[in-house]
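Examination of the molecular architecture
Listed below, chain by chain, are the residues.
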Amino acid sequence: MTGTEYTVRGMTCGHCASAVTEEVAKIPGVTDVDVDVAGGRVTVRSTGPVPDDAVAAAVDEAGYEVVTG
């Protein structure tokens with residue numbers, strides 16, 4: 001199992017966490033999504049590598065933005 005942490009901009013509440021979790025969990029191979037709203041972080045655990053662009057697209061679909069660089 002692998003885990004990757006992303007910084008996400010715009011999350012402010014539990015609804016934000018739920019929306020991000022729901023979208024990221026749809027990505028094939030993802031087994032767990034942990035959202036830290038206060039810290040602006042999302043940890044994605046999966047059975048194998050998950051493309052960063054797939055996570056960014058899912059976060060975008062939820063209405064938020066993965067911060068790169």
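Residues numbered from 1 in each chain as written. Predicted model: local features only at pLDDT ≥ 70, side-chain atom pairs only at ≥ 80, totals over all residues. Heavy atoms only, no water.

Considerations on the nonpolar core
Counting 21 residues, the largest nonpolar core has Met-11, Val-20, Val-24, Val-42, Val-59 and Tyr-64 as the members making the most contacts within it. With 5 residues, helix H1 (residues 14-24) is the largest single contributor of residues to this core. (Core = buried A, V, L, I, M, F, W, Y, C linked by side-chain atoms within 4.5 Å. Buried < 20%, exposed > 50% of the residue type's maximum accessible area, 1.4 Å probe, protein only. Helix = DSSP H or I, 4+ residues; strand = E, 2+ residues; numbered from the N terminus.)

Describing the sheet that holds strand E2 (residues 30-36)
With antiparallel pairing, 4 strands are arranged side by side in an open sheet as E2-E3-E1-E4. On the outer flanks of this sheet lie E2 and strand E4 (65-67), each paired with one strand and no other. Across the sheet, the mean angle from the axis of one strand to that of its neighbour is 35 degrees, orientation sign disregarded. Summarising the sheet, strand E1 (residues 2-9) and E4 pair through 3 bridges and their orientation is antiparallel. The residue bridging Thr-7 from the neighbouring strand is Val-67, located in E4. Seen against the sheet, helix H2 (residues 52-62) touches E1, strand E3 (41-46) and E4 and runs at an angle of roughly 135 degrees to E4. (Pairing = 2+ DSSP bridges. Axes fitted to C-alpha atoms, helices over the stretch in contact; angles between N-to-C directions. Contact = heavy atoms within 4.5 Å.)

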